[in-house]
Amino acid sequence: MEAAIIPPQSAGYNIETEWVEGEPFDWNTVNARFTWNTTGKVNMAYECIDRHVDEGNGERIALHYLSEEEEFTYTFSELKREVNRWANVLLRYGVKKGDFVFVFLPKHPYCHIAMFAAIKIGAVVGPLFEAFMEEAVKDRINDCEGKYLITEDSFLDRVNREEMPSLSTVFTIDKTDGAIPSITSEAEKASTELDTVWVDLEDGLNIHYTSGSTGKPKGIIHAHRNMIQQFQTGRWVLDLKEEDVYWCTAHPGWVTGTVYGVFAPLLNGVTTVIHGGRFSAKAWYEVLEKAKVSVWYSAPTAFRMLKGQSEGIHAHYDLSSLRHILSVGEPLNPEVIHWAYQTWGLRIHDTWWMTETGAQLIANLPTRPIKPGSMGKPIPGIEVEILDEEGQPLPPQETGHLAIRSTWPSIMKEVWKNPDKFASYFPFGEDWYLAGDLAYVDEEGYVFFQGRSDDMINSSGERIGPFEVESKLLEHPAVRESGVIGKPDPLRGEIVKAFIVVRDGYKDRDGLMEDLRRFVKTELAGHCAPREIEFIDELPKTQISGKVLRRELKKRDKVNS
Ligand code: WTA
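Residues numbered from 1 in each chain as written. Predicted model: local features only at pLDDT ≥ 70, side-chain atom pairs only at ≥ 80, totals over all residues. Heavy atoms only, no water.

Filter applied, for reference: UniProt positions are given in the numbering used here, feature names are shortened, and annotations may be inferred rather than shown by experiment.
As recorded in an unreviewed UniProt entry, the protein chain goes by acetate--CoA ligase and comes from Halobacillus litoralis. Regarding the protein chain, the UniProt comment filed under Sequence similarities (unreviewed entry) reads as follows: "Belongs to the ATP-dependent AMP-binding enzyme family."

1. Re the side chain of T258
The condition is simple: Numbered from the N terminus, helices here are DSSP runs of H or I no shorter than four residues, and strands are runs of E no shorter than two. Identification of polar contacts relies on pairs of N or O atoms within 3.5 Å, with a donor-acceptor requirement for protein atoms, meaning one able to donate a hydrogen and the other able to accept it, and with residues adjacent in sequence counted only if both atoms are side-chain atoms. Note on definitions: a residue-residue contact is assigned when non-hydrogen atoms from the two residues lie within 4.5 Å.
Within the secondary structure, T258 sits in helix α9 (residues 255-267). Looking at T258, its side chain comes within polar contact range of the side chain of H208, at 3.2 Å. Those residues within four positions of T258 in sequence are excluded, and the remaining contacts are M115, P127, H208, P252 and F263.

2. Examining helix α8 (residues 227-236)
Formally: Each residue is assigned to one of three classes by its accessible area relative to the maximum for its type, calculated with a 1.4 Å probe on protein chains only: buried under 20%, partly exposed between the two thresholds, exposed over 50%.
With respect to burial, α8 is a largely interior element, 10 of its 10 residues being buried. Among the residues of α8, those classed as buried are M227, I228, Q229, Q230, F231, Q232, T233, G234, R235 and W236. Those residues of α8 that are buried lie in contact with α1 (15-18), α2 (36-39), α3 (44-54) and α9.

3. Focus on the confidence of the model for the protein chain
Rules: Note on scores: pLDDT gives the predictor's confidence for each residue, bounded by 0 and 100.
For the protein chain, per-residue confidence averages 96 on the pLDDT scale, and 99% of positions sit at 70 or higher. The weakest mean pLDDT in the protein chain belongs to α1 at 91; the strongest belongs to helix α5 (residues 109-120) at 99.

4. A few points about helix α11 (residues 300-309)
Inspection of α11 places P300, T301, A302, F303, R304 and L306 among the buried residues, and these make up the whole buried set. The elements touched by buried residues of α11 are α10 (281-290), β11 (295-298), β12 (324-327), α12 (334-343), β13 (348-352) and β24 (493-502).

5. A look at the UniProt feature "domain: AMP-binding enzyme C-terminal" (unreviewed entry) in the protein chain
The sites that UniProt annotates as "domain: AMP-binding enzyme C-terminal" (unreviewed entry) are residues 468-543. In residues 468-543, helix accounts for 29% and strand for 33%; the two terminal C-alpha atoms are 22 Å from one another.

6. Observations regarding the domain arrangement of the protein chain
The condition that has to hold: Per the annotation, domain bounds derive from an automatic or database assignment of domains. Buried area adds together the accessible area that both of two parts lose upon being put together, with accessible area traced by a 1.4 Å probe.
Along its sequence, the protein chain is carved into domain 1 (14-25 + 37-440) and domain 2 (457-560). Taking the mean C-alpha position of each, domain 1 and domain 2 sit 30 Å from one another. Opposite the 25 residues of domain 1 that make contact, domain 2 presents 24 residues. Taken together, both faces of the contact between domain 1 and domain 2 bury some 1,800 Å²; the carbon and sulfur share is 49%. Area buried by domain 1 at its contact with domain 2 is led by M133, E135 and S211, which between them contribute 27% of it.

So, in C-alpha cells, the structure goes:
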C-alpha cells in the first residue's frame, strides 16, 4: 500500500528564488559566491569563517555548544582568532600542505577548531569517530601514513604510538605537564594572525575511511571544490537562512558530521549547535528548546528512539523554533514520518548521499510533496538512472542499481592509494557512478531505496564492513571461522550478527558470547560488536575460493528467526 503523500508545508526559502522546478541547473552559477571565483585560489576554512568576518558578520554566533556541564558560544571573529592560533601551533610543529592531520575528539568546538586549523594551512584533515578503539585508529592512520594527531588525554590509551610509526606529533587539548604538546596551552601564546595557505580547488581537504563488503576501510579523499555543492545543498536542502539555528546530530568522524555538521552550515554563515553528551529523548528535546533550533538534521535510528521515548515528554518542551527536519543514512520508515508529522507537526525530509558523493544528491526538497518510503528526487543538477546488470536503463518501478550521471562538484577526488577501488564505482564506464545501492524510481522520478547490492552492513546509519568484523573475531583464540551479516532490526535498521565455528575445547558458550562481543568492542569499535552470535558447525562457502557465503547465512537466519 502506498502511504499518503504529505504536501509541502514550508516555503523553500532559497530554492524558490533560485531555480524553477523542471529547469536544468548549472553548478557554475554557484561559483560567483566564492572568493576563489576571482582569485583562483581557495580555502574551505576561509569560506566558512573569515569571509563572514570580512563581510561584517564577525559578531554573529558561529558555534553554540551545550552539554550537561556547560554552555558557551563562539562568534565568527572568535572562531577565526582561535583557529589562527591553533594553526600557528601546527605550523610550528612542521605541518605542511598535503600532510594528514587526524582529529580524535568528542563533539565539542575544539573538534571544529582543530579541523579548520589543519585545513587553513593546507593539510588534509582526518576526523576520527570518538568511539573508535585502538585498532580502528591504527588502521586509518597507518594506511595514509598520518603524521599528526590531535586528541585528548582520556583517549590516549587508544592511541598506540609504537604501532603507528608515521606519527611525528600527538597533541592533546588538555593542559598537560609537558609529556606531549598541549595545543590549547601553546595556542594561548600563539598569534591570532595567520597567512591562510591558499590552495587549488582540486587540492585535498578531508579524508574519511569507509567500509564496503570486502577488505579494510578505504580512505575517501575529498577536495576543496566540494564547497560548491555543500554550500548549495545547505541552501536548498537544509533550507538555511542567515537567522537559522542549525543542529546536525552526527559526529564529524562520520561524513554527515563533517559535511553537514561543520562545512555546509558555516559556509552559509549559520549558527551551528554542538551537543556534547549522549542521546536521550530528554537531553535532545532540551537542546532543541534551549538553543532554539530551527533546522535539525539527524538519522532514522535516532528518530525511532525518540519515538520510543517521547511519550508524555515532548509536550513539556517548547519546540516552536523548529521549522525544518531532515534525515539521512538509512531507510526512513513511513510510520516514523507520520508519527513526526502528528507529534511535532513537521515533515521529516529524507536525503540520500554517501561518503564518496561528498554531498546530498537525492532529497525531499521543502517545496515538494513527500511520498513516505521514498528518499525524494535527484536535486537540481543531478541525474539518476536505475541500471540493470548490463548497465542498461530500467523502466519505472523496476529495481536495479542506483546510478548517478558523473560528474558533480563534490564527488570524491580519489580513494587513497587505491585506483582500482575508485574504478570499481564505474563498472559501466565513466558516465555512471554506481552507489552499490539497489532502488527503483516511480513515474514521477521519486527514488525508493531497496537495499544494498553487496554485503555492507548499515546499523544505525553507520557503515560496517563484515570483513573487518570477521577478521577481528578470527584473532580470538576460540574462533576457528567467522561469518558476519547484517540482520534486519526494527530499531537500528540492521544489527551485526556473527556466525562462529568454535575451536575444539571451548565449552562455555554463554561466557564466550560475552567475551567475543567485548573483544570486538574494545579492540575495534562498539558499533561493530555483534549484537547477536550464533555458533555453527560449518560455514557455507564457495567451492572454488572457499569464501564465506554471507548470502547463505542471511537466508539461514531468515528461516530460523
Ligand atoms: C545508505 C552517509 C536509505 C546507503 C551519508 C548508502 C541510505 C550508504 C540513505 C552511505 C537513505 C544513505 N535511505 N539508505 N536516505 N542515505 N543510505 O557513506 O546504503 O556512511 O550507500 O554516508 O548509506 O553511507 P555513508
